[in-house]
Amino acid sequence: MFDKVFPFINSTICTAIPLLFGAIGEIITEKSGNLNLGIPGIMYMGGISGIIGGYIYEHYSSSPSTFLCVTIALLASLIGSLILAFIYSFLTITLRVNQNVTGLALTTFGIGIGNFFGGSLLKFFNEPGKSISIIKTGDGFKASLPFASKLGVFGDTFLSFGFLTYLAIIVAILASLFLNRTRKGLNLRAVGENPATADAAGISVVKYKYFATLTGGAIAGLGGLYFVMEYLGGAWTNDGFGDRGWLAIAIVIFAIWRPALAIFSSFIFGGLYMLSIYIPGLSSSDKELINMLPYVVTILVLIITSIRKKRENQPPASLGLSYFREER
Amino acid sequence: MESSKKHLKEPLIHITRRTDIPRVKAWCIRLVAIIASLVVCGLVIVLISKYNPIEVYEKMIDGNFGTKRKVLNLLKGTSALLCISLAVTPAFKMKFWNLGAEGQVLIGGLASAACMHYTRLQFGNSISSWQLILLMFATSVVCGMIWGVIPAIFKAVWKTNESLFTLMMNYVAIQLVGFFIAKWVPTGSGVMGVINLDTKCGWLPDVFGEKYMFNVIVVAVLTIVMFIYLRFSKHGYEISVVGESENTARYVGINVKKVIIRTMLISGAICGLAGFLIVSGADHTVTKNLAGGMGFTAIMVSWLAKFEPFMMVFTSAFIIFLQNGSSAIAMKLGLNKSVSDILTGIIIFFIIGCEFFINYKINIRAKQKEAK
Amino acid sequence: MAIAAIELKNITKRFGKVVANNNVCLSAYKGEILSLLGENGSGKTTLMNMISGIYYPDEGQILIDGNEVVIRSPKDAFDHKIGMIHQHFKLIDVFNSTQNIVLGLEGEKHFSFKAAAKKTVLAVSRIPKNILRFFKSLVKTVKRIPRFPYFVAKFFKSAAKAVCSFFKSPEYAWHCLKTAAKTISEAYQTIMCPGYLKRAEKAVLEISKQYGFDLDPNKKIYEMSVSEKQTVEIIKVLYRGADILILDEPTAVLTPQETQKLFAVLRNMRDDGKAIIIITHKLHEVLSLSDKVAVLRKGEYIGTVNTAETNEAELTEMMVGKKISLNINRSEPKDPVDRLEVKNLCFVDSQGVKKLDNISFTAKSGEILGIAGIAGSGQRELLESIAGLQHVQSGEIIYHNPKTGEEDELCGKSPIKIRELGVRLSFVPEDRLGMGLVGNMDIVDNMMLRSYRKGKSMFLERKKPRNLAERIIKDLEVVTPSAQTPVRKLSGGNVQKVLVGREIASSPTVLMAAYPVRGLDINSSYAIYNLLNQQKESGVAVIFVGEDLDVLIELCDRILVISSGCVTGIVEGRGADKSEIGFMMTKANGGFSDGEQ
C-alpha cells in the first residue's frame, strides 16, 4: 500500500507545481481585468527559453558550473516569458485589441516557438541526436536539500525537490499577501473590478495592467521551466507539456481567484492528473474518465458560483474588457 | 504654485476614438499591416534558417500549389477550418465567446465514429453507406448542439461566464473521446485506426473523382447559407441587435435568452457537422486531436474576417496556406514544421493590432502652451 | 471680508458649439454652505466638474485661498483639498467601505519620531499587561516574515548610499539616512501592525464619530443602501482631508429621513470650518440648509443671495427667468377623447428606490401632454413602464382602443404582448443610440427594428424599410450620404429625425417622446416640434417629456408636473405661469400628490 502512496504524493507535487505557477500567474493577470488565454503559450515559452539558455551555456562552456547553469536558464526563461507577456500587454492594453483573440494567438505562437526550437535547436548547433537534454542544468534545478535523502521515506516524498518547488509555494503566499494585504494589491484589484473608478481615484490603470500582466507572465513561465528542468530533468519533448496550461486556467476558476486556495487546488488537480496511474487495476477507459474529473469539477465550480451569485466569488468584474478613459 | 505649474504639460499623445474612417483607408491600413507582418516573418525565417526569404515564400507557394495533391490538401484544410469558423461566427456576432468549438467538433466527430463503430458491430454489412451517412450526420449534429447549448443555457439563465465554461468543455470532450477509444480498442493502444477500411461504409463518396470534394461542396453551400442567414434572415437580424446592444433588444421586445440559446444550438450544430465531415469525409477515424486546434484558429479566422462569411473563405485559406507552406519548407529545409505556428502568430498579431489604428485616432500635440 | 476658500473667475467652458458655462464667477467661504441652484442644463454639474478636475475650463481662473491654481485631474483636486461627491457613486462593489476609502492613496508619507516613540512605549507597556496578546502578535509577525527581505534590502541600500556619499554630499547622505530610518518604520508598520486597513478603519470611525455618521467600516458596498454608499463617498472625501466639499444632488436618492440626517452632518461639517457647495433643485432644502444661494441659468451666472434675505418666489424667478416667446405653433385640440389612462402607478427600482409614487393622469387623443420635472424625477421610468419595459409594482395603465372601443390593461405586459393587442404605441427613448437605434446598423436596418417580425417568412423584408428610410430622409430632410449609412455616423439632429420618423411611421395612436430635442440645434428642434404637432392634429395622443419650460408652455396643451416620482400638479399649457411650474417641480415629496382637478 505505502509503496504506492508515497510515490503518488511525490508525483502529485511534481505535477502540481507547474500548474501552481501557471495559476498564480493567471490570477495576478486576471485581477487586473486581463483574461490572458496566452498563458499556455507563455508556459511553453518559459520552458523552451530556459532550455535554450541552459543549452547555449553548456554548449559553449568547457566546464559549466551548476550555479551559472541554473541562473542562466532562469534568466532566459524569465526573459522569454516576459517577451510574450509584453506582446499580449501591448496589444490588449495599449492597442485595446480583443483579449480572447490575442490570447489564443499568443498560445499558438508560444507553443509554435516551443516546438520549433525544441525540434530544431540541435540542428542549429550541428549536433547529432534528436532530443535536447541538458543534464547539468537539470541536475542544478533538481538539487534538493542535502539532508533530504537521509530522512528516509519522508524525505523522499516531501523534501526531494529542487528550489523551484518551494519557490512556487512562496510565490503563491506572496501573491496572496500582495493582493489582500497591501495597498498596491488593493489598487490592482480595483483596476480589475472597475477601471473607471480606479482611474478616478488616481490609480494609473495602464501601469497596473502592464505590471500585473508582465508579472503574471513571468510567474507562469516559471511553470514551464519547472516542467522541463525538474520534471523532465533538463529535456524537451515536443508537446510534452500537453494541456497543463489550460489546466492552470481551470485552477484559477476552481480557486475562485485566490492564490492561497490555488495552492490547495493545484495539489488536488495534480493528484487527479496522476491518480489514474496509481490506482491499481484500472482499465484504460476508466483512466480517461478520471482524467476528465478536474475539468468537470471546474465546470461545477463555475456553475455553482454563478448561481449562488456571492459577489466575492465572481470573476473580476471587468475581466476581458479593455479600458478607454474617454468612453466613461 | 510650483507644483501646479508642472501640470500644465499636455500629454504628447492623445488618443480619441474615431467613427468615420473611409473604407479605402481602413483597408490600406490592413494591407500595410499584412505587408509589415510578411516582412517580419521574412526576417524571422532568415534568422532561423539563413535562407533567402523570397526563396522561402516561393517554396511556400510551391508547397500549396505545386501538385494537384497539394491543392487538394489546401482545399481539405480550408474547408474544415472554414466550416468551424462559420460555426463560431453567429455566436461571436452576438458577443457570446464560444471558445468551445474544439470540443463541439470533437463530440460531433466522436458521434460519427460511434455510429460507424456500432453499426459495424450490430449490422455488419447489412446497412447501406447512405443510410449510415445520414445516421452519422444526424447524431453528429445533435451531439454538437447538445455540447454547444449547455454553456448557453447557463449563460442565459445565470450569466455563467461562457468563455471559461466552453473552454473547459473542450477538455471534457477530449477525455470523452479518449474514454470511447479505450472502450472500442481492446488492445489498449489508444489508437482507433481507420474504421470500415474494407467496406468504406459511412465514407463520403468521391465527387468529380476526388476525395474531400464532398466536404468542399458542403462547406461552400454552408458559406452561402450562413451569409444569407446572417444577412437576410430575421434570426440573423436578432443576433446583430443582441450583439450590438441588449438594451435595444429589450426595447424592441427581443427575448435575449431565447436568442442566445437558439444561436448556440446553431453554432453547436455546425461544429457537429464539421466533426462529421472530418470523420466521414476525410479521416474515417477519431482521435483526441481530431480538431487539431482548429476550434481556436477558427476564432481568429472569424475575427480577422470581421464575421463576414465570404471574407472567411480568404482568411481560412490564408491560414491553411501558411500552415501547409510552412510544413513544406520545414520538410525542404529540414526544420521543424511548428514554424507555421510562429508565422501564423506573428501575422495575426499584426492584423489584429492594426485595428487600433482603424478604430482610434492618435493626435500628436504640437508643443504649444495652453492659455491659462 | 475673509478670503474665499474657493473662487471662480470668469469661467467659460464650451462643448463644441454649445456653451455650457459662460463667464461664471462664484465664491464659497469656509464655514458656509453654498447652494448652487439652476434648472437642468444650466451648467451646474459642468461647473463643479471643473473644480474637481474632470473637465478643464476653456477660460477663466480658479483661486483657492486667494492663490491661483490649475486643476487638471481628480488628483490635483485632492491635492488642493477639494472633494466632490458625484451623483453616480464611484465605488467598487466587492470592497468594503474602508477599502474604498483608502483606494488609490499612497502609504503614510510623513514619519514622525514622536508618534513612533509613543507607539513603541504603548506596545512595550502592553507586554506585561497581557503576555498572551504578545504571543499572538508574535505569531502574526512570523506570518509576515515573507515581507522582511524587501525592507532589509531597502534599508541596506539606503544605508550604503548614505555611507558612500557621506563626504561628497552630506545633505544627500542625510537624506539617505532618513530614507533608511523611514524604511525601519515602514517595516515596523507593515509587519507589526495589522495593516494599513486597521489604521484607516480607526480613522474612518473617528471621522464618523466626529460628524455623526453611522457607518460600518467592514460592510461591503454591494450590501449597502444608497444612503450608506453616499456616506462612504463623503467619508472618502473627508479622509483625504478635503476642506472644500461639493455634493451633486445628494438628496435625489434619499428618503426624507435620510436627507435630514445628511443635513445634520453637513451642518456639523460647516461648523467645523469646511466650505460646502451643494447642488440641488429643491427649494425648501435650499432654504433650510444653506447660508447662501448662487443661481445659474442656461450657463450664465445670475447672482448670489443670502438665504436669510430671500424667499422661494425670488429664487424661482432667478432660476427660470422671464418668459421667452418661441413662436411654436399650437392648434386647438380637436374633439379630444381619453386614450391612455394611468392610475396609481408605483414603481421601485432594483436598488430599492421608489421612482414612481402613485402616479395618475390621462392622455387624450389630439393633444400634447407635456411632462415637466427635474431630471431623474421618474420621467424615464414612467415612459418605460407604459411601454412595458419595467415591471411596475402596482397600478393600472388602461388603453382605450379607438378601433374596438375596448379598454385594454397594459400593465405587466411585454412590448410584444402590447403590440399583439393592437395597441399602436410609439416610444422615442431618451437614449437614442443605446436604446432606440443600433448605432452600427444602417438607416434601413434601423427602420425595421420594430417591424421586422411582420409576416411568416423566415427572411427579412427590406423593401418596405428601404422605401420608408428614403421617405424619411426626404421628408424630414435627414442629412446622410445614403440610406445605407450607419446611424452612428450621423449628427445628433439627424439621428433623432431617423428615430422620430420611424416611430411616427407606424401611425401610432399614442406617441411618447423623452427629451426629443436634447442636444439638437434650433432648426432641428423646430422640425421635431412640427412633427409632434402634425401627429397631434391627426389625432394622436402625444406625451412629451421636456426640460425647457418655455418649450413646454408653448407646445403642450396640458402639462403634468412631477417631482421625486409624485405628480405635483397638472396645468393648462395656455397661459401657464413659468414660475408656478418651476415651483411645482422643486416641491418636496407628496406636496400635491393627489392634486388632479
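Residues numbered from 1 in each chain as written. Chains lettered and ligands numbered in written order. Predicted model: local features only at pLDDT ≥ 70, side-chain atom pairs only at ≥ 80, totals over all residues. Heavy atoms only, no water.

Asker: Hey, could you run me through the overall build of chain C in this one?
Answerer: A tally of helices and strands in chain C yields 21 helices and 20 strands. Taking all 597 residues of chain C together, 52% fall into the buried category. Of the contacts formed within chain C by residues at least 6 apart in sequence, a portion of 68% connects residues at least 24 apart. Counting every atom, chain C has about 27600 Å² of accessible surface; 54% of that belongs to carbon and sulfur. (Helix = DSSP H or I, 4+ residues; strand = E, 2+ residues; numbered from the N terminus. Buried < 20%, exposed > 50% of the residue type's maximum accessible area, 1.4 Å probe, protein only. Contact = heavy atoms within 4.5 Å. Areas by Shrake-Rupley, 256 points an atom, 1.4 Å probe, with all protein chains shown as cover.)

Asker: What should I look at first to understand the pairing of strand β1 (residues 6-15) of chain C in this one?
Answerer: Every regular strand shows the same layout, with side chains that alternate between the two sheet faces. All names here are of chain C. As judged from the seven bridges shared by β1 and strand β2 (residues 18-28), these two strands associate in the antiparallel manner. What sits directly across from Ile-6, in β2, is Ala-28. Pairing of β1 with strand β4 (residues 59-64), which is carried by five bridges, proceeds in the antiparallel orientation. Paired with Ile-6 across the two strands is Ile-64, which belongs to β4. (Pairing = 2+ DSSP bridges.)

Asker: Explanation requested: the interface of chain A and chain C in the structure shown.
Answerer: One frequently used descriptor of interface size is the decrease in accessible area upon assembly of the parts. The partner chain C presents 24 residues to the 18 residues of chain A that form the contact. When chain A packs against chain C, close to 2200 Å² is buried across both sides, 58% of that on carbon and sulfur atoms. By the criterion of area lost to chain C, the three top residues of chain A are A:Arg183, A:Leu186 and A:Arg311, representing 32% of everything that side buries. Sorting the residues of the side of chain A that touches chain C by element identifies α7 (163-181), α8 (183-193) and α9 (195-200) of chain A as the ones contributing at least two each. Here the element with the most residues in the side of chain A that touches chain C is α8(A); it accounts for six residues. Class assignment for the residues of the side of chain A that touches chain C results in seven nonpolar, four polar and seven charged. (Buried area = accessible area lost by both parts, 1.4 Å probe. Nonpolar A, V, L, I, M, F, W, Y, C, P; charged D, E, K, R; others polar.)

Asker: Looking at this structure, I do not really get unusual backbone geometry. What am I missing?
Answerer: Generally, phi is negative for residues other than glycine and the peptide bonds are trans, each holding for most cases. Residues and elements named next belong to chain C. The phi dihedral of Asn-23 falls on the positive side, at around 55°, and the residue is not glycine. Of note, Asn-23 is situated in strand β2. Given a relative accessible area of 44%, Asn-23 falls into the partly exposed group. With a phi angle near 35°, Ser-507 is a residue other than glycine that sits in the positive phi range. When you line up the elements, Ser-507 lands in the loop between α18 (492-505) and β17 (510-514). Classification of Ser-507 by relative accessible area gives partly exposed; the value is 41%.

Asker: I would appreciate a short explanation of the sheet that holds strand β20 (residues 566-572) of chain C in the present structure.
Answerer: Residue and element names in this part refer to chain C. Pairing is mixed across the open sheet formed by six strands, whose spatial order is β16-β17-β18-β13-β19-β20. Both outer strands of the open sheet, β16 (425-428) and β20, are each paired with one neighbouring strand and no more. Each strand axis lies, on average, 15° off the axis of its neighbour in the sheet, ignoring direction. Pairing of β17 with strand β18 (residues 541-545), which is carried by five bridges, proceeds in the parallel orientation. Residue pairing across strands places Leu-511 opposite Val-542, the latter belonging to β18. Set on the sheet, α18 makes contact with β16 and β17; between it and β16 the angle comes to about 170°. Against the sheet, helix α21 (residues 578-585) makes contact with β13 (368-372), β19 (558-563) and β20, and its axis sits at roughly 30° relative to β19, the strand it touches most. (Axes fitted to C-alpha atoms, helices over the stretch in contact; angles between N-to-C directions.)

Asker: Please clarify how the interface of chain A and chain B should be interpreted in this entry.
Answerer: Opposite the 53 residues of chain A that make contact, chain B presents 46 residues. Across the chain A/chain B interface, buried area totals approximately 4500 Å², and carbon plus sulfur atoms make up 77% of it. In terms of surface lost to chain B, no three residues of chain A exceed A:Val101, A:Phe116 and A:Glu288, which account for 13% of the buried area on that side. A salt bridge links A:Glu288 to B:Lys288, with the nearest nitrogen and oxygen atoms 3.0 Å apart. Counting across the interface, chain A meets chain B through three residue pairs in polar contact (both at pLDDT 80 or more). Secondary structure elements with two or more residues in the side of chain A that touches chain B: α3 (66-94), α4 (99-124), α11 (244-254) and α13 (284-308) of chain A. (Salt bridge = Lys/Arg side-chain N within 4 Å of Asp/Glu carboxyl O. Polar contact = N/O pair within 3.5 Å; in protein donor to acceptor, adjacent residues only side chain to side chain.)

Asker: Any chance you could explain the packing of helix α5 (residues 101-123) of chain B against helix α11 (residues 256-283) of chain B here in plain terms?
Answerer: Packed helix pairs are characterised by how far apart their axes lie and by the angle those axes make with each other. Residue and element names in this part refer to chain B. One can describe the packing of α5 onto α11 by two numbers: an axis separation of 7 Å at closest approach and a directional angle of 50°. Comparing the axis directions of α5 and α11 gives the class oblique. As α5 packs across α11, the resulting crossing turns out to be right-handed. Taking contact as the criterion, the partners of Ala-101, Gln-104, Val-105, Gly-108, Gly-109, Ser-112, Ala-113 and Met-116 in α5 are, on α11, Met-264, Gly-268, Cys-271, Gly-272, Ala-274, Gly-275, Phe-276, Ile-278 and Val-279. (Parallel < 35°, antiparallel > 145°, perpendicular 65-115°, else oblique. Left-handed = near helix turned anticlockwise from the far one by under 90°.)

Asker: Before we go on, may I ask you to explain α8(A) in this structure?
Answerer: An α-helical turn contains 3.6 residues, so a residue and the one three or four places further along point in the same direction. Burial analysis of α8(A) places ten of its eleven residues in the buried class, the great majority of the element. All buried positions along α8(A) are accounted for by A:Arg183, A:Gly185, A:Leu186, A:Asn187, A:Leu188, A:Arg189, A:Ala190, A:Val191, A:Gly192 and A:Glu193.

Asker: Any chance you could explain the packing of α7(A) against helix α10 (residues 205-231) of chain A here in plain terms?
Answerer: All names here are of chain A. For the pair α7 and α10, interaxial distance at closest approach is 11 Å and the crossing angle is 160°. As judged from the angle between their axes, α7 and α10 are roughly antiparallel. As for how α7 packs across α10, the hand of that crossing is left-handed. Side by side, α7 and α10 meet where Leu-164, Thr-165, Leu-167, Val-171 and Phe-178 of the first sit next to Phe-211, Ile-219, Leu-222, Leu-225, Tyr-226 and Glu-230 of the second. Here the contact of α7 with α10 is composed, by residue class, of nine nonpolar, one polar and one charged.

Asker: I tried to follow the side chain of C:Ser97 on my own but got confused; where do I start?
Answerer: All names here are of chain C. Relative to the elements of secondary structure, Ser-97 occurs in helix α3 (residues 97-102). The class for Ser-97 is buried, based on a relative accessible area of 0%. At a separation of 3.1 Å, a polar atom in the side chain of Ser-97 contacts the main-chain carbonyl oxygen of Pro-217. Beyond its immediate stretch of four places on either side in the chain, Ser-97 contacts Leu-215, Asp-216, Pro-217, Asn-218, Lys-219, Ile-221, Met-224 and Val-232.

Read these as spatial facts, not as claims about activity.
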